[in-house]
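Summary of structural features
Residues per chain are reported as follows:
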Amino acid sequence: MSRTWNFAAGPAAIPEPVLRQAQTERLEWRDARASVMEISHRGKAFMALAAETERDLRALADIPAHYRVLFLQGGATLQFALLAMNLAAPGQHADYVLSGHWSEKAAREAAPYVDVRIAADARSNGYSALPPRADWRLHDDAAYLHYTPNETIHGLEFRDVPEAGQVPLVADMSSSILSEPLPVQRFGMIYAGAQKNIGPAGLTLVIVREDLLARAQRPMAGILRYAEQAAHESMLNTPNTFGWYLAGLTFKWIAAQGGLPAMAARNRRKADTLYAAIDGSGGFYRNPVDAAARSRMNVPFFLHDARLDTVFLRESEQAGLLALKGHRALGGLRASLYNALPQEGVEALVAFMRAFQQRHG
Ligand SMILES: *Cc1c(COP(=O)(O)O)cnc(C)c1O
């Protein structure tokens, strides 16, 4: 058995050089004489690693000094609730744009803590296109405007950052963070579970504009309060030290590849290669998403005959192409093309798809 091309949606592929370095350092990390998993998060060595990781991320994404970076737990799902608790006063409302499964869930989970107003939604077209900007009903007095730049399941992506005026823009970037340059100053808050483009599951990144930390006025435990986490360098309690470490290795790997502009170019090319194969298949394969909204990260696609799905999945796995099964909400197939998946992997997928069509078309 050997490692092979992994198209998993999350937890997802991690760059191989990162895994190799982690393997080399598994028993002894730097001069700790122990693994990074076995040392105190409050010791000098780990504190230095934590600070270094934040510095590397700040350099990579050009994060301005008036934004705080938090390394939390609980996934993006916990942030659905925490961001409402922290950014909105009780009784205040917030605008939500629904573009697929995850933005729906974000709105639902925030609802106990903020008056959720659906500013726009694309449910009526089955999330095959983004809601037209002209139809968004935005409120100047909203606590924030929430959207999901990349919908991991439906395979839709915003090409640019929506204009929110004075209202802080909040984005769930779980499946697109660090895949292209990040205009942080356009946002009030960005959050992402790590398990797609950053590292292993169990770590959650929050980037939040400092002035927004003062908004959390309702009673809540310290662990839920961004200001408290920021004041304690995300170490109010024991953090996910191993996840933090692997994220740090991934940030260095991205920088060594040429940073976010290089990632953007690679990701564009990978997505173009796959969409061209789908569109050029004469209807054998089909991606239902409006061409202007197609995701570079997650490509759902369907065979002209769904009865072939099982054969496709079995044969693709035999060919070394892993995890191409579509999300259960949509069925069909899905290829996730995160940073860690190289062009070669996409070429292998496309070659397999052509051969499969010849055999079964
Ligand atoms: C995966 C994903 C989530 C869920 O993340 P958890 O870390 O499992 O809570 C939320 N939003 C988006 C856009 C995702 O891709």
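Going by the structure above, here's the rest.
Okay, so let's go over this structure. If you're wondering where the values come from, they're calculated on a predicted model, not measured in any experiment.

Notes on the overall build of the chain
Looking only at helices and strands, one finds nine helices and 14 strands in the chain. What you see for the chain is a C-alpha radius of gyration of 21 Å, in line with the 21 Å of a compact globule of 361 residues. Each principal axis of the C-alpha atoms in the chain carries an extent, and together these give about 60 × 55 × 30 Å. Across the 361 residues in the chain, those meeting the buried criterion constitute 56%.

Observations concerning the site of the ligand
Contacts to the ligand come from 13 residues, most closely from Thr-77, Thr-152, Asp-172, Gln-195 and Lys-196. Contact distances for the ligand include 2.4 Å between an oxygen atom and a side-chain N or O atom of Thr-152. Within the contact set of the ligand, an oxygen atom lies 2.9 Å away from a side-chain nitrogen or oxygen of Gln-195. Examining the composition of the shell around the ligand, we find that four residues originate from one element, helix H3 (residues 75–87), more than from any other. Its residues placed into classes, the shell around the ligand shows three nonpolar, eight polar and two charged.

Things to note about the pairing of strand S3 (residues 93–98)
Burial analysis of S3 places six of its six residues in the buried class, the great majority of the element. Across the two faces of S3 the burial is the same, with His-93, Asp-95 and Val-97 and Ala-94, Tyr-96 and Leu-98 all buried. Examined bridge by bridge, S3 and strand S4 (residues 115–121) share six bridges and lie parallel to one another. Opposite Leu-98, over in S4, you have Asp-121 as the bridge partner. In this region the chain leaves S3, passes through helix H4 (residues 101–110) and returns to the parallel neighbour S4; the handedness of that crossover is right-handed.

Observations regarding the packing of aromatic side chains
Describing an aromatic ring pair means giving the distance of the ring centres and the angle of the ring planes. If you walk through the whole model with that rule in mind, you get 16 aromatic pairs. Note on Phe-301 and Phe-312: the rings are 6.1 Å apart at their centroids and 80° apart in plane angle, and the pair reads as edge-to-face. With a gap of 11 residues between them, Phe-301 in strand S12 (residues 298–303) and Phe-312 in helix H8 (residues 309–318) connect regions that are remote in the sequence. Judged by its relative accessible area of 0%, Phe-312 is buried. Considering the side-chain rings of Phe-312 and Phe-356, the 5.0 Å spacing of their centres and the 75° angle between planes classify their relative orientation as edge-to-face. Of this pair, Phe-312 sits in helix H8 while Phe-356 sits in helix H9 (residues 343–360), and the two are 44 residues apart along the sequence.

Focus on the sheet that holds strand S2 (residues 67–72)
If you trace the seven strands from one edge of the open sheet to the other, you get S2-S10-S9-S8-S5-S3-S4, paired in mixed fashion. Each end of this open sheet is capped by a strand with a single partner; those strands are S2 and S4. Here the average twist between neighbouring strands, direction ignored, is 20°. With three bridges joining them, strand S8 (residues 169–172) and strand S9 (residues 189–193) adopt parallel strand pairing.

Focus: unusual backbone geometry
Of the consecutive residues Gly-10 and Pro-11, the connecting peptide bond is found in the cis state with omega at -10°. Looking at the secondary structure, you find Pro-11 in the loop between strand S1 (5–6) and helix H1 (16–24). If you check the backbone angles, Ala-323 has positive phi at about 65° while not being a glycine. Since its relative accessible area comes to 39%, Ala-323 is described here as partly exposed.

A short note on the pairing of S2
Along any regular strand, the residues point their side chains to alternate faces of the sheet. Taking burial as the measure, the six residues of S2 include five buried ones, the bulk of the element. Pairing geometry for S2 and strand S10 (residues 204–209), over six bridges, is antiparallel. In the sheet register, Arg-68 faces S10, and the bridge partner there is Val-208.

So, the sheet that holds strand S14 (residues 333–336)
The three strands are arranged S11-S12-S14 in an open sheet whose pairing can be described as antiparallel. With partners counted over all chains shown, the strands left at the sheet margins are strand S11 (285–286) and S14, one partner each. Contacting S11, S12 and S14, helix H7 (residues 259–279) runs over the sheet at an angle of about 15° to S12. Lying on the sheet, H8 is in contact with S11, S12 and S14; it crosses S12 at an angle near 125°.

Cut-offs used in this document
- Within each chain, residues carry numbers counting from 1 in the order of the written sequence.
- Thresholds applied to this predicted model are a pLDDT of at least 70 for local features of residues and 80 or more for the giving and counting of side-chain atom pairs; totals over whole chains, interfaces and linings are not thresholded and use all residues.
- Computation of side-chain values covers all heavy atoms of the structure but excludes hydrogens and water.
- Helix and strand definitions follow DSSP, with helices as H or I runs of at least four residues and strands as E runs of at least two, each counted in order from the N terminus.
- Our radius of gyration looks at C-alpha atoms and nothing else; its globule reference is 2.2 Å times the residue count to the power 0.38.
- Accessibility here uses a 1.4 Å probe with only protein chains present; expressed as a share of the type maximum, an area under 20% marks a residue as buried, one over 50% as exposed, and anything in between as partly exposed.
- We call a residue near a molecule or strand when any one of its heavy atoms sits within 4 Å of it.
- Counted as a polar contact is a pair of N or O atoms within 3.5 Å, where, for protein atoms, one must be capable of donating a hydrogen and the other of accepting one, and residues adjacent in sequence contribute only when both atoms are in side chains.
- Three classes are used, and their members are as follows: Ala, Val, Leu, Ile, Met, Phe, Trp, Tyr, Cys and Pro are nonpolar, Asp, Glu, Lys and Arg are charged, and the others, Gly among them, are polar.
- Strands are treated as partners if at least two bridges between them are detected by DSSP.
- For a crossover, the right-handed case is the one in which the path from the first strand over the helix to the second runs clockwise, viewed with the strands pointing away from the viewer.
- Within 6.5 Å between ring centres, the rings of Phe, Tyr and Trp (the latter by its six-membered ring) count as paired, and their orientation is classed by plane angle as stacked under 30 degrees, edge-to-face over 60, tilted in between.
- With axes taken as lines fitted to C-alpha atoms, and helix axes fitted only over the stretch in contact, angles between N-to-C directions fall between 0 and 180 degrees.
- Between two residues, a contact is recorded if the distance between any of their heavy atoms is within 4.5 Å.

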